[in-house]
Amino acid sequence: MKSFAIITGASSGIGKEMALDLAAQSHNLILVARRENRLIELTTQIKQDFNVECEYIVKDLLAPNAANEVYEQAIKSGRINILINNAGIGYQDKFLDTSWEMHENIIKLNSTVPTQLSYLFSAHMLEHKQSSHILNVASLAAIFPIKNLSVYSGSKAYLKHMMDSLYFEFKDTNIFLTTVSPGGVITEFAENANQKPTEFANKHSKSARDVASLSIKAMFAKKRHYIVGVDNYMVYLLKRILPENLFNSTFNSIFKNFFH
Ligand SMILES: NC(=O)c1ccc[n+]([C@@H]2O[C@H](COP(=O)([O-])OP(=O)(O)OC[C@H]3O[C@@H](n4cnc5c(N)ncnc54)[C@H](OP(=O)(O)O)[C@@H]3O)[C@@H](O)[C@H]2O)c1
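Everything quoted here is computed from the prediction, not taken from an experiment.

Rules and cut-offs
- Residues numbered from 1 in each chain as written.
- Predicted model: local features only at pLDDT ≥ 70, side-chain atom pairs only at ≥ 80, totals over all residues.
- Heavy atoms only, no water.
- Helix = DSSP H or I, 4+ residues; strand = E, 2+ residues; numbered from the N terminus.
- 1 Å grid on protein atoms, 1.4 Å probe; cavity = no way out; pocket = protein on both sides within 12 Å on 5 of 7 lines; lining within 4 Å.
- Points joined across faces, edges and corners; volume = space filled by probe spheres on them.
- Nonpolar A, V, L, I, M, F, W, Y, C, P; charged D, E, K, R; others polar.
- Core = buried A, V, L, I, M, F, W, Y, C linked by side-chain atoms within 4.5 Å.
- Buried < 20%, exposed > 50% of the residue type's maximum accessible area, 1.4 Å probe, protein only.
- Contact = heavy atoms within 4.5 Å.
- Near = heavy atom within 4 Å.
- Polar contact = N/O pair within 3.5 Å; in protein donor to acceptor, adjacent residues only side chain to side chain.
- Areas by Shrake-Rupley, 256 points an atom, 1.4 Å probe, with all protein chains shown as cover.

This part takes up the environment of Leu 159. Along the chain, the position of Leu 159 falls in helix H5 (residues 150-170). With 58 residues separating them along the chain, Leu 159 and Glu 101 place their C-alpha atoms 20 Å apart.

The volume enclosed by the second largest pocket comes to roughly 310 Å³. As for the second largest pocket, its lining consists of Gln 92, Asp 93, Lys 147, Asn 148, Asn 194, Gln 195, Lys 196, Asn 252, Phe 255, Lys 256, Phe 259 and His 260. Class assignment for the residues of the lining of the second largest pocket results in 2 nonpolar, 6 polar and 4 charged.

Turning next to the nonpolar core. Of all hydrophobic cores here, the largest spans 45 residues; its most connected members are Ile 6, Leu 61 and Phe 121. For this core, the secondary-structure elements that each account for two or more residues are strand E1 (3-8), strand E2 (28-33), helix H3 (66-77), strand E4 (79-85), helix H4 (100-128), H5, strand E6 (175-181) and helix H10 (244-255). With residues up to four places along the chain from it excluded, the contact list for Leu 61 reads Thr 8, Val 32, Ala 66, Val 70, Ala 87, Lys 108, Leu 109 and Val 113. Grouped together as the second largest cluster of nonpolar side chains are 31 residues, Ala 19, Ala 23, Leu 39 and Ile 216 included.

Turning our attention to empty space enclosed by the protein. Evaluation of the coordinates by the stated rule reveals 2 cavities of 30 Å³ or more. What the largest cavity holds in volume is close to 50 Å³. Lining the largest cavity are Thr 8, Leu 61, Asn 85, Asn 86, Ala 87, Leu 109, Val 113, Pro 114, Leu 117, Val 137, Lys 156 and Leu 159. Every element with two or more residues in the lining of the largest cavity is listed here: H4 and H5. The element best represented in the lining of the largest cavity is H4, accounting for 4 residues. Grouping the constituent residues of the lining of the largest cavity by class yields 8 nonpolar, 3 polar and 1 charged. By volume, the second largest cavity is sized at about 40 Å³. Considering the residues around the second largest cavity, the lining is formed by Tyr 91, Asp 93, Lys 94, Phe 95, Thr 98, His 103, Ile 106, Asn 148, Leu 149, Ser 150, Val 151 and Tyr 152.

Inspection of the region around the ligand gives 30 residues, with Ser 11, Arg 34, Asn 86, Tyr 152 and Thr 187 positioned closest. The side chain of Arg 34 places a nitrogen or oxygen atom 2.7 Å from an oxygen atom of the ligand. One nitrogen or oxygen atom from the main chain of Leu 61 is found 2.9 Å from a nitrogen atom belonging to the ligand. Considered on its own, the ligand offers 880 Å² of accessible surface; in the complex 95% of this is hidden by protein. Only helix H1 (13-24), H5 and helix H6 (189-192) provide two or more residues apiece to the shell around the ligand. By residue class, the composition of the shell around the ligand is 13 nonpolar, 11 polar and 6 charged.

Structure representation (structure tokens):
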């Protein structure tokens, strides 16, 4: 039976680059997202350029029962030994100026869906006993509370903390858990999240390709939590050294310069 890596949110940005990175390392792939045209384009490119199998599942992960349907469809293809929970959304605005529906969608896509997919695929991984990985794409927002991104920050903090805790449960099994926390990345995320990045922000952002490649390396190196980029890691160290309130307010006053 063939093994596959499944990636959510593979139609653009970091997820797409992770797919290309894994294909270059000879992993068979199942790509999940809503935009079928993008998935067709990417699977065609991957099959042409790399000697791997590449399938796709068109799914709105916010739809009822979506995680179960993805799971059922994926295990028909073969053994899943890599799950990448990458699909995610955010919305930058005041708490009360953002619709409740948006808040709910952020919590569901960033927290509930990765938890459910991990629940389903970890049982499958424990059963097949082959060395397996679950990689979660969180964010620096999981560690630094950010004004006007409160629900996004909270949803990513949940994901990181849940996976950090689950790590101990799976530590002595065949499943390795890794959570990555990127800072700014140049993708479609900003536009969808109502963000208008300044020149300063773009200058300090990373490419999706670099973030994907560093994240996949961290996963195979079995790192529990990986902050993407030395610059971001330095800020993280500051958070650990400085009093919490001082760090949070200083970070938020600097963060203001990242958006118009
Ligand atoms: N860009 C940043 O600055 C940044 C920083 C830190 C963390 N992150 C995290 O990185 C991850 C990837 O984001 P990105 O920057 O690569 O943004 P992106 O280019 O907008 O990619 C988001 C992906 O999620 C998919 N997606 C969105 N809603 C979905 C839904 N309801 N059902 C299924 N798939 C859905 C999108 O595909 P479809 O639209 O085709 O469904 C797309 O493939 C996210 O979890 C994000 O929170 C991003």
